[in-house]
Amino acid sequence: MDFINTLGLAAGTLTTIAFLPQMFQTWKTKSAKDVSFVMLITFMTGLFLWLVYGMILGALPIIMANGITLFFNFIILWLKIKYR
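Residues numbered from 1 in each chain as written. Predicted model: local features only at pLDDT ≥ 70, side-chain atom pairs only at ≥ 80, totals over all residues. Heavy atoms only, no water.

Things to note about unusual backbone geometry
- In this structure, Lys30 is a non-glycine residue whose phi angle is positive, near 55°.
- Counting through the fold element by element, Lys30 comes out in the loop between helix 2 (20-29) and helix 3 (37-57).
- Accessibility expressed as a relative area gives 49% for Lys30, which makes it partly exposed. (Helix = DSSP H or I, 4+ residues; strand = E, 2+ residues; numbered from the N terminus. Buried < 20%, exposed > 50% of the residue type's maximum accessible area, 1.4 Å probe, protein only.)

If you want it as structure tokens, here you go:
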């Protein structure tokens, strides 16, 4: 694996795991009142577009990071709706 892909995977890993504490906190407290619905939808739209962009380029780091982060944010969105 070349340096650029390694760099992309490292960046993607860090930005993806950054959402785990929010997801676990929301799950644990059964409250998502501090999570903005508008921010979540806007961010998820951006993640989806990054995912499509990564697929067009065939860039594995972009695909993996944004796909997993989008999945985590779907969980946060589901928890926000569930714990209204």
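This is not the end of the story, as more comes after the structure.
Quick look at the packing of aromatic side chains
- What the rule picks out here adds up to four aromatic pairs.
- Ring centres 5.5 Å apart and planes at 80° place the aromatic pair Trp50 and Tyr53 in the edge-to-face group. Of this pair, Trp50 and Tyr53 both sit in helix 3, three residues apart, which is roughly one turn of the helix.
- Here Tyr53 falls in the partly exposed class, since its relative accessible area comes to 42%. (Phe/Tyr/Trp six-rings, centres within 6.5 Å; stacked < 30°, edge-to-face > 60°.)

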